[in-house]
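Residues per chain, in single letters:
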Amino acid sequence: MAGTYFNLADALDSYKPDDVEIDSCMYCHPVVKTNDHDGECDLHSGIHLEVSKEPHHMRQVVNLIIALQRMKKQVQSTEFTDDELCNILLDNLVEEYVTPRVHERTHQAAEHYTHTGSNRKCFICDEFQKSLVLSKGVTNELQAITLQGANMSLRVQLDLCAYTSSAPRQQGLPVVLGVPGNLYLSCTSVLGKPVLGLEFMSKETLQDISGDMKRFLFFKTTSGQALHSFESAKFEGYFISTSYSNRQKVDVCKSQDAPNRLTTFNVIDA
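Rules behind the numbers
- Residues numbered from 1 in each chain as written.
- Predicted model: local features only at pLDDT ≥ 70, side-chain atom pairs only at ≥ 80, totals over all residues.
- Heavy atoms only, no water.
- Helix = DSSP H or I, 4+ residues; strand = E, 2+ residues; numbered from the N terminus.
- Areas by Shrake-Rupley, 256 points an atom, 1.4 Å probe, with all protein chains shown as cover.
- Phe/Tyr/Trp six-rings, centres within 6.5 Å; stacked < 30°, edge-to-face > 60°.
- Buried < 20%, exposed > 50% of the residue type's maximum accessible area, 1.4 Å probe, protein only.
- Lys, Arg positive; Asp, Glu negative; His and termini not counted.
- Salt bridge = Lys/Arg side-chain N within 4 Å of Asp/Glu carboxyl O.
- Polar contact = N/O pair within 3.5 Å; in protein donor to acceptor, adjacent residues only side chain to side chain.
- Core = buried A, V, L, I, M, F, W, Y, C linked by side-chain atoms within 4.5 Å.
- Contact = heavy atoms within 4.5 Å.
- pLDDT = per-residue confidence, 0-100.
- Pairing = 2+ DSSP bridges.

Asker: Account for the overall build of the chain, naming residues and giving values.
Answerer: Scanning the chain from N- to C-terminus turns up two helices and 19 strands. For the chain, the exposed surface amounts to about 17,000 Å²; the carbon and sulfur share of it is 49%.

Printed below as a string of structure tokens:
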């Protein structure tokens with residue numbers, strides 16, 4: 001309110017400067033004055049309304065003045081019972097509507113991924129030319145095996161599905177890696193350690209991915225030598241990797257510099 005001039009005539013149709021005046025410094029220390037006494041307002045003989053000289057808000061002062069103006073128009077007598085005086089005061093109260101302020105907190109929207117509809121059929125082999133082979137047993141898993149000649153037919157064909165993100169990254173294309181039979185690579189935590197596995201899942205379920213379903217997502221990046229790496233979206237810093245040794249399970253490892261692990265791959269169109 002400081003520095004803003006308030007004209008009471010704009011608020012009261014019946015306002016007269018001779019009746020009530022507002023101190024020019026009211027916005028600093030508002031005080032209602034009458035011509036006779038500071039801090040006391042005489043409507044009629046027998047009615048005395050004491051006004052506190054403690055600082056008030058401008059809205060409170062205006063509401064009080066409006067109530068006084070209404071009472072001047074209605075009061076015809078100077079003698080009232082307590083009930084009558086109470087009724088007069090209640091009838092002339094100024095209703096004040098308070099609109100609560102809602103403080104909105106900004107929450108970062110949950111990151112989600114949507115399938116672009118782009119699928120790429122491909123084979124993947126590591127830097128030692130070991131191919132990925134599906135091993136079926138008590139649990140399904142991928143193994144990295146050196147294949148030659150007719151054994152090349154054992155290679156598993158992967159379905160590389162591209163996604164778009166609600167919060168695009170500067171590097172890495174979000175992808176899902178599928179295996180025939182509605183199997184998909186996923187990165188989950190076992191005993192507090194991220195591990196790579198295969199899960200049965202329908203394509204429809206993976207059309208939109210968020211939350212815990214991010215375990216199926218990997219960020220594919222490409223180096224200058226056309227080698228690709230796949231970083232887990234759920235456990236950032238963990239990459240799909242193979243062992244230096246033959247016929248070992250394909251897993252994830254922390255960082256791309258893990259000893260005895262290969263984290264870059266050739267992607268060959270099927």
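After that view, the rundown keeps rolling.
Asker: Break down the packing of aromatic side chains for me, citing the residues and quoting the values.
Answerer: In this description, an aromatic ring pair is defined by two values, namely the gap between the centres and the angle between the planes. Considering all chains together, one arrives at three aromatic pairs under this definition. When the centroid spacing of 6.3 Å and the interplanar angle of 55° are considered together, the rings of Y113 and F219 count as tilted. With Y113 in strand 5 (residues 112–126) and F219 in strand 13 (residues 217–222), the pair connects residues that are 106 residues apart, well separated along the chain. Neither Y113 nor F219 differs from the other in exposure class; each is buried.

Asker: Mind laying out the side chain of D251, listing which residues take part and the relevant values?
Answerer: Considering the arrangement of structural elements, one finds D251 in strand 17 (residues 251–254). Within the buried set, D251 has no salt-bridge partner at all; the shortest N-O distance to an opposite charge, 4.1 Å, is to K249. Within the structure, the side chain of D251 is placed 3.0 Å from the backbone nitrogen of L196, a separation counted as a polar contact.

Asker: Tell me about the nonpolar core, and please be specific about residues and values.
Answerer: Membership of the largest hydrophobic core comes to 23 residues, with the highest contact counts inside it found for L132, L185, F218, F230 and I240. Elements with a minimum of two residues in this core: strand 5, strand 7 (141–145), strand 8 (158–165), strand 9 (173–179), strand 10 (183–190), strand 11 (193–200) and strand 19 (265–269). In this structure F230 touches I124, L160, V175, L177, F218, F219, K220, Y238, F239, I240, F265 and V267, once residues within four positions along its chain are discounted. The next biggest cluster of nonpolar side chains, apart from the first, holds 13 residues, and it includes C161, L217, F219 and A233.

Asker: Which residues make up the confidence of the model for the chain, and what values do they have?
Answerer: On average, residues of the chain carry a pLDDT of 78, and 60% of them reach 70 or more. Counting contacts from residues 17–43, a segment whose pLDDT is below 50, to residues more than four positions away or on other chains yields 53 contacts. Counting contacts from residues 103–107, a segment whose pLDDT is below 50, to residues more than four positions away or on other chains yields zero contacts.

Asker: I'd like a description of the environment of G211, backed by residues and values.
Answerer: Summarising the element assignment, G211 is placed in the loop between strand 12 (208–210) and strand 13. Exposure remark for G211: the relative accessible area of 46% places this residue in the partly exposed category. When the C-alpha atoms of G211 and E111 are compared, they prove to be 7.8 Å apart, with 100 residues separating the residues in sequence.

Asker: Tell me about the side chain of H228, residues and numbers included.
Answerer: Position of H228 among the secondary structure elements: in strand 14 (residues 228–232). Overall, the relative accessible area of 10% leaves H228 in the buried class. Other than its neighbours up to four places away in sequence, H228 contacts K220, T221, T222, T263, T264, F265 and V267.

Asker: Talk me through the pairing of strand 9; I want residue IDs and the actual numbers.
Answerer: For strand 9, the buried fraction is high: six of the seven residues fall into the buried class. In the sheet, strand 8 pairs with strand 9 via four bridges, with the strands oriented antiparallel. By the bridge assignment, D159 is partnered in strand 9 with G178. Across four bridges, the pairing between strand 9 and strand 13 is antiparallel. Of the residues in strand 13, the one forming a bridge with P174 is F219. Of the pairings in the sheet, the one linking strand 9 to strand 10 comprises two bridges and is antiparallel in character. Within strand 10, the position partnered with V179 by the bridge is L183. Taking the residues that link successive antiparallel strands as the turn, the strand 9-strand 10 hairpin has three residues, and the phi of G181 there is positive, at about 100°.

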